[in-house]
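Reading the structure
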Amino acid sequence: MTDRRDFLLASTAALLSAAGAGSLTAAELKAAGVRLIPVEGGKYKVWTKRVGPCRGPAKQKILLLHGGPGGTHEYFECFEDFLPQAGYEFYYYDQLGSFYSDQPDDDSLWTLPRFLEEVETVRKGLGLDHFILLGHSWGGMLGIEYALKYQQHLKALVISNMTAGIKEYMDHAAALRSQLPPETIAVLDKYEAKGDYQNPEYLSAMMGVVYTRHLCRLDPWPDAVQRTFKHFADKPYNALQGPNEFVITGRFKNWERWEDLPKITVPTLVIGAGHDEMDAEQLRRMAKLMPHGHFHLCPDGSHMDMWDDQAVYFQGLLAFLKALPA
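Conventions and cut-offs
- Residues numbered from 1 in each chain as written.
- Predicted model: local features only at pLDDT ≥ 70, side-chain atom pairs only at ≥ 80, totals over all residues.
- Heavy atoms only, no water.
- Phe/Tyr/Trp six-rings, centres within 6.5 Å; stacked < 30°, edge-to-face > 60°.
- Buried < 20%, exposed > 50% of the residue type's maximum accessible area, 1.4 Å probe, protein only.
- Lys NZ or Arg CZ within 6 Å of the ring centre and 35° of its normal.
- Helix = DSSP H or I, 4+ residues; strand = E, 2+ residues; numbered from the N terminus.
- Pairing = 2+ DSSP bridges.
- Axes fitted to C-alpha atoms, helices over the stretch in contact; angles between N-to-C directions.
- Contact = heavy atoms within 4.5 Å.

Re the packing of aromatic side chains
Counted according to the given criterion, the structure contains 21 aromatic pairs. An angle of 80 degrees between the planes, with centres 5.1 Å apart, marks the rings of phenylalanine 76 and phenylalanine 79 as edge-to-face. Owing to a relative accessible area of 0%, phenylalanine 79 belongs among the buried residues under this scheme. One aromatic cluster in this structure is built from Trp47, Tyr75, Phe76, Phe79, Phe82, Phe90, Tyr92, Phe99, Tyr100, Tyr313 and Phe314. When the ring centre of phenylalanine 115 is taken as reference, the NZ or CZ atom of arginine 114 above it lies at 4.5 Å.

Re unusual backbone geometry
Put simply, glycine 68 and proline 69 share a cis peptide bond, and its omega is -5 degrees. Here proline 69 shows up in the loop between strand 3 (61–65) and strand 4 (89–94). The linkage connecting aspartate 219 with the following residue, proline 220, adopts the cis geometry, with an omega of 0 degrees. Positive phi, close to 55 degrees, is recorded for histidine 130, a residue that is not glycine. Inspection of the secondary structure puts histidine 130 in the loop between helix 2 (112–126) and strand 5 (131–136). With a phi close to 60 degrees, serine 137 is a non-glycine residue in the positive phi region. The topology assignment puts serine 137 in the loop between strand 5 and helix 3 (138–150).

With respect to the sheet that holds strand 8 (residues 293–298)
Ordered by their spatial adjacency, 8 strands build an open sheet running 1-2-4-3-5-6-7-8, and the pairing between neighbours is mixed. The strands lining the two open edges of the sheet, one partner per strand, are strand 1 (34–39) and strand 8. Averaged over all adjacent pairs, the angle separating strand axes in this sheet is 20 degrees, with direction ignored. Taken together, the 3 bridges between strand 3 and strand 4 define a ladder with parallel strand orientation. In the sheet register, isoleucine 62 faces strand 4, and the bridge partner there is phenylalanine 90. Contacting strand 3, strand 5 and strand 6 (154–160), helix 3 crosses the sheet at an angle of about 145 degrees to strand 5. Sheet strands touched by helix 11 (residues 310–323): strand 3, strand 5, strand 6, strand 7 (268–273) and strand 8. Its angle to strand 8, the strand with the most contacts, is close to 160 degrees.

And the structure:
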């Protein structure tokens, strides 16, 4: 069956041709930096967009990997106020299953190895090499996996707010949970015992208490963060992670890469935060295990520290980027 997007694109091309504008190729058309990259042998497409730099040639090119699985690029929009002005070109990329990309109803697609190969396909599609990969949260997990298999294409790696193994993550999550108000813990226990993770009372406890403490500490949340959650795709998230941050039952529940971190030899920045779901001390240890690892702490930030400790986040990121060899 013809995809609706393909049908609309074909129809538009036919209209342009009929109007005498068919001499323009797809590569020549201006689309605000947006490109759809074919993945899975051309069966599906993922959305990408190039941003910056503000003037002159790019110092470096950076590919962003959003969190989730199932998030969107939208919460990265604050990067537009920092990277292009400093001379960097970066690329948004919504992974398969996410809001701006194709969303196939095929559970077999939601695996870590397939997403890893998708990143490599996108790299080739965008023509990137010797580039910087920045992954946040689940995107940081993907970044670690990419560096372990395709390190020859990287100039540097940034792991933002992601630890190197699920076991230690769960230990820290349990410690954070024990610090919640007793009434919140009671609600979580009640509905988790039933497996009722969509109950409004349970979701209210997660969103109103857990997320405001450890996901984003701004009130209200920035519009870009709200849009990411409005557009969140549950299928890849549930398949890979599970119901939520406290209950990990999905396909990456046994993921562990601590012993492999010394194999990552490109310059690597690990960013942690004082109020994150990820333990900042674990992330500091990650940086020490990599031959050219650096750690940067956002003391007042949470999981979305690019928002709730923004000045510190970008100060550390830009200092790392500027220190890279030309």
